[in-house]
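Single-letter residue listing:
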Amino acid sequence: MDNKPIIALDFPGEKEVFQFLSEFDEPLFVKVGMELYMQEGPDIVRKIKEEGHAIFLDLKLHDIPNTVKSAMKGLARLGVDLVNVHAAGGKQMMEAALEGLEAGTPAGKSRAALIAVTQLTSTTEEQMQREQHIELRLIESVLHYAQLTKQAGLNGVVCSVHEARAIAETCGEEFLRVTPGIRMSGGAAHDQKRIATPDGARRDGSSLIVVGRAITGAVDKRAAYKEVCELWEEK
Ligand SMILES: O=c1ccn([C@@H]2O[C@H](COP(=O)(O)O)[C@@H](O)[C@H]2O)c(=O)[nH]1
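Worth saying up front: this structure is predicted, and the values here are computed from it rather than measured.

So, about the site of the ligand. Neighbouring residues of the ligand: 17 residues in total, closest Ala8, Thr121, Pro180, Gly212 and Arg213. Among the elements of the structure, strand S8 (208–211) and helix H10 (213–216) are those that each provide at least two residues to the shell around the ligand. Residues belonging to the shell around the ligand are distributed by class as follows: nine nonpolar, six polar and two charged.

Turning our eyes to something else, we now look at the UniProt feature "active site" (unreviewed entry) in the protein chain. The UniProt entry lists Asp58, Lys60 and Asp63 under the feature "active site" (unreviewed entry), expressed in the numbering used here. Structurally, the position occupied by lysine 60 is in strand S3 (residues 54–61). Setting aside residues no more than four positions away along its own chain, lysine 60 makes contact with Asn84, Val85, His86 and Val117. Structurally, the position occupied by aspartate 63 is in the loop between S3 and helix H4 (65–76). Judged by C-beta crowding, with 16 C-beta atoms within 10 Å, aspartate 63 ranks as partly exposed. Not counting chain neighbours up to four residues away, the residues in contact with aspartate 63 comprise Val68 and Gly89.

Mapped onto the secondary structure, serine 141 falls in helix H7 (residues 138–151). In this structure the C-alpha to C-alpha distance between serine 141 and lysine 47, which are 94 residues apart in sequence, comes to 38 Å. Beyond its immediate sequence surroundings of up to four residues, serine 141 is in contact with Gln119, Met128, Ile134 and Leu136.

With that out of the way, let us pick up the packing of H7 against helix H8 (residues 161–171). Where H7 meets H8, the axes come as close as 10 Å, and the angle between the chain directions of the two elements is 40°. The angle between H7 and H8 falls in the class oblique. Considering how the two elements wind past one another, H7 and H8 form a crossing that is right-handed. Only Glu163, Ala166, Ile167, Thr170 and Cys171 of H8 make contact with H7, whose side of the interface consists of Ile139, Val142, Leu143, Ala146, Gln147 and Lys150. Grouping the amino acids of the contact of H7 with H8 by side-chain chemistry returns seven nonpolar, two polar and two charged.

Strand order in this closed barrel of eight strands is S1-S2-S3-S4-S5-S6-S7-S8, and the pairing throughout is parallel. Ignoring which end each strand starts from, the neighbouring axes of this sheet average 25° apart. Across two bridges, the pairing between strand S1 (residues 6–8) and S8 is parallel. In the strand pairing of S8, isoleucine 6 is matched with valine 210. The strands touched by H8 within the sheet are strand S6 (156–158) and strand S7 (176–179), with S7 carrying the most contacts at an inclination of about 180°.

Looking now at the environment of leucine 82. As for its position among the elements, leucine 82 is in strand S4 (residues 82–86). Taking the C-alpha atoms as reference points, leucine 82 and valine 211, 129 residues apart in sequence, are found 15 Å from one another. Apart from the residues within four sequence positions on either side, leucine 82 is in contact with Phe56, Ala112, Ala113 and Ile115.

This brings us to the pairing of S4. The buried count for S4 comes to five of five residues, which makes it a mostly enclosed element. Side-chain alternation along S4 places Leu82, Asn84 and His86 on one buried face and Val83 and Val85 on a second face that is also buried. Across three bridges, the pairing between S3 and S4 is parallel. The residue bridging leucine 61 from the neighbouring strand is valine 85, located in S4. In terms of handedness, the path from S3 via H4 over to S4 forms a crossover that is right-handed. Pairing of S4 with strand S5 (residues 113–117) involves five bridges; the strand directions are parallel. Following the sheet pairing, leucine 82 is matched in S5 by alanine 113. For the crossover from S4 across helix H5 (residues 91–104) to S5, the handedness is right-handed.

Reading the values: the criteria
Residues numbered from 1 in each chain as written. Predicted model: local features only at pLDDT ≥ 70, side-chain atom pairs only at ≥ 80, totals over all residues. Near = placed C-beta within 6 Å. Helix = DSSP H or I, 4+ residues; strand = E, 2+ residues; numbered from the N terminus. Nonpolar A, V, L, I, M, F, W, Y, C, P; charged D, E, K, R; others polar. UniProt positions renumbered as here; feature names shortened; annotations may be inferred. Contact = placed C-beta atoms within 7 Å. Buried ≥ 20, exposed ≤ 12 C-beta atoms within 10 Å, placed from the backbone. Axes fitted to C-alpha atoms, helices over the stretch in contact; angles between N-to-C directions. Parallel < 35°, antiparallel > 145°, perpendicular 65-115°, else oblique. Left-handed = near helix turned anticlockwise from the far one by under 90°. Pairing = 2+ DSSP bridges. Right-handed = clockwise from strand over helix to strand, strands pointing away.

Structure follows, in structure tokens:
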């Protein structure tokens, strides 16, 4: 899989998306999340794909196994590169998601990689313990979900950079660590709690980084993307 930074297209609609994409003249790896998908539906995925961009469809499915299996079967037909569920839905749900994805992938096409969200990057350890009643350290909860995800046969997890190295050591280097919560040094965290810079992500074991507002909110979006790429790819 392409390891370009994944740009989160958190825009209200198609017009804003294509205005943003028109500033770039190369194929990108982009993320379509709930905000955009809820407004524009599956057509937005097809249109972005037609322009040659790789797509992470970030809908974070979380429901009973049968429902997630059916939904994943439908999403598989969109031909995206990466999709996800919430690991909190359980092993059986994740296995069902994988079955649906495999069943829905058209013959001759490769199936999307499937990953599971561990603990959202907007969650702190204190919040997790108090609100989810999980009496563990946050790293233990994330590692538990990563192991469960691996047992279910998925390709990796969404986690923060802070847990990426430990997951690679526990689940293997091939098991994807996709990390949102990326900020430039000194940049506003907004609602994110477990953040890191692109170069920090590279050093600390991320497989892929997801960057939204640090690029989409910049005055010069192309320059912001280039800077993220340079920090992420620096050897
Ligand atoms: O744990 C998670 C899972 C998903 N996200 C998504 O990533 C982007 C991050 O956007 P920024 O503007 O760079 O904060 C956003 O679309 C989230 O839905 C996440 O942040 N954390």
